[in-house]
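Chain by chain, the residues run as shown.
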Amino acid sequence: MSTPGVPDLERLKEQVRQQFTHRAASDLKWKSQQETQGRAATEILLRTARVKPGMQVLDLASGAGDPALALAAAVGPSGHVTATDLVPDRLAVAEEFARERGLANMTFRQADAEALPFPDQAFDAVTCRLGVMFFPNVQRALGEIRRVLKPGGCAAFVAWGPSEQDFQLRIPREVLRKYVQAPPPEPGAPDARSFARAGTLSIALREAGFKRVQEESPTVPWPWSGPPEQCWERQQEAGAIRRFTERLGPEQREKVFHEVIEAIRQYYDGKQVNFTAVIVVASG
């Protein structure tokens, strides 16, 4: 049900803000591992957006800085990257990471993708990695992206593919479902898999007026640099798994721990857990 006096879309936006605000501490804790995990997806995004030195790039839902930091390295000193996010705590983490790397060609700004605070035709490219699924009004956001793109510019997006092909999520869920049923999501709540079905993101782009739309669904490495125990610790911090584990009793937690670790260990080579995932990559 809607909150009295609060529009549905605004309520959903607040849900997204709350969902990701708690991630800032986790971003700091797992900085190196998360960057390694998403490297292949980031490389695909940069190629899809045709990022080159000297370009002006807007990155949406930048989170803790991936892929914005990689974009800044790609455009070089003659280019510039504007990193944005709805959650200021996560942007603060990204800004700290940029300082550590000496990246001076970046600006960090809290921004709502549905009301971008930038002039028309300001950017050569707009990118968004694993964020477009959480825009409550996708068409409004895509319209804003078109507005700020220069003529001939490219917008590129990465979204999650099917959950059953995301092994970092699938493996613990299979164990957890033996012990507990996850609470149903709130109707209308943001869905990380909203563009998992082939063609749905392309349709959204075309409906927003984008031309030369392309889409693919590659399988990419999604490794965890560390042992299975550390991998499971991080997984429990994510909302999708936490909704399960919060319902476990003490004895169930112990059983789940051992079963999940054994399942993950099958993918461990002594240095990293070699998961893969399917992502959706679309551009226009």
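What counts and what doesn't
Residues numbered from 1 in each chain as written. Predicted model: local features only at pLDDT ≥ 70, side-chain atom pairs only at ≥ 80, totals over all residues. Heavy atoms only, no water. Helix = DSSP H or I, 4+ residues; strand = E, 2+ residues; numbered from the N terminus. Rg over C-alpha atoms; globule rule 2.2 N^0.38 Å. Contact = heavy atoms within 4.5 Å. Areas by Shrake-Rupley, 256 points an atom, 1.4 Å probe, with all protein chains shown as cover. Buried < 20%, exposed > 50% of the residue type's maximum accessible area, 1.4 Å probe, protein only. Arc of directions from axis to C-beta. Polar contact = N/O pair within 3.5 Å; in protein donor to acceptor, adjacent residues only side chain to side chain. Salt bridge = Lys/Arg side-chain N within 4 Å of Asp/Glu carboxyl O. Pairing = 2+ DSSP bridges. Right-handed = clockwise from strand over helix to strand, strands pointing away.

**A few points about the overall build of the chain**
Phase 1: For the chain, the count of helices and strands is 12 helices and eight strands.
Phase 2: For a compact globule of 284 residues, the expected C-alpha radius of gyration is about 19 Å, and the chain comes in at 19 Å, within 12% of that figure.
Phase 3: Dimensions of the chain, computed from the C-alpha atoms along their principal axes, are close to 60 × 50 × 35 Å.
Phase 4: The long-range share in the chain, meaning contacts at least 24 apart out of those at least 6 apart in sequence, stands at 81%.
Phase 5: On the chain, roughly 13,300 Å² of surface is accessible, and the fraction owed to carbon and sulfur atoms is 51%.

**Some remarks on helix H10 (residues 228–235)**
Phase 1: Of the residues making up H10, those classed as buried are Pro228, Cys231, Trp232, Arg234 and Gln235. Seen end-on, H10 carries its buried residues on one side only, within an arc spanning 160°.

**So, the side chain of threonine 245**
Phase 1: Relative to the assigned elements, threonine 245 resides in helix H11 (residues 239–245).
Phase 2: Judged by relative accessible area, threonine 245 falls into the buried class, the value being 5%.

**Some remarks on helix H4 (residues 39–48)**
Phase 1: Counting buried residues along H4, seven of its 10 residues qualify, which places the element largely inside the surrounding structure.
Phase 2: If you check which residues of H4 are buried, you get Ala40, Ala41, Thr42, Ile44, Leu45, Leu46 and Thr48.
Phase 3: Where the residues of H4 are buried, they touch helix H5 (68–75), strand E4 (123–129), strand E5 (149–160), strand E6 (214–216), strand E7 (219–221) and strand E8 (276–283).
Phase 4: Phi for arginine 50, located one or two positions after H4, is positive at around 55°.

**Here's the deal with the side chain of asparagine 105**
Phase 1: Position of asparagine 105 among the secondary structure elements: in the loop between helix H6 (88–101) and strand E3 (106–110).
Phase 2: Under the relative-accessibility criterion, asparagine 105 is labelled buried at 8%.
Phase 3: Only 2.9 Å separates the side chain of asparagine 105 from the backbone oxygen of glycine 76, close enough to count as a polar contact.
Phase 4: The residues contacting asparagine 105, other than those within four sequence positions of it, are Ala72, Val75, Gly76, Pro77, Gly79, His80 and Val81.

**What about the pattern of salt bridges?**
Phase 1: Inspection of the entire model under this criterion finds 17 salt bridges.
Phase 2: Two residues, arginine 147 and aspartate 120, come together in a salt bridge whose shortest N-O distance is 2.8 Å. Taken together, the positions of arginine 147 in helix H7 (residues 138–148) and aspartate 120 in the loop between E3 and E4 put the pair 27 residues apart, joining distant regions of the chain.
Phase 3: A cluster of three or more residues bridged by salt bridges with shared partners is formed by Lys29, Glu233 and Glu237.

**Things to note about the pairing of E5**
Phase 1: Most of E5 is tucked away, with nine of its 12 residues classed as buried.
Phase 2: Here six bridges tie E4 to E5, and the two strands are oriented parallel to one another. Across the sheet, the residue bridging to cysteine 128 is phenylalanine 157, located in E5.
Phase 3: With respect to chirality, the unit in which E4 leads through H7 into the neighbouring parallel E5 is right-handed.
Phase 4: Bridge analysis of E5 against E8 gives five bridges, and the strand direction is antiparallel. Pairing of tryptophan 160 across the sheet is with isoleucine 279, part of E8.

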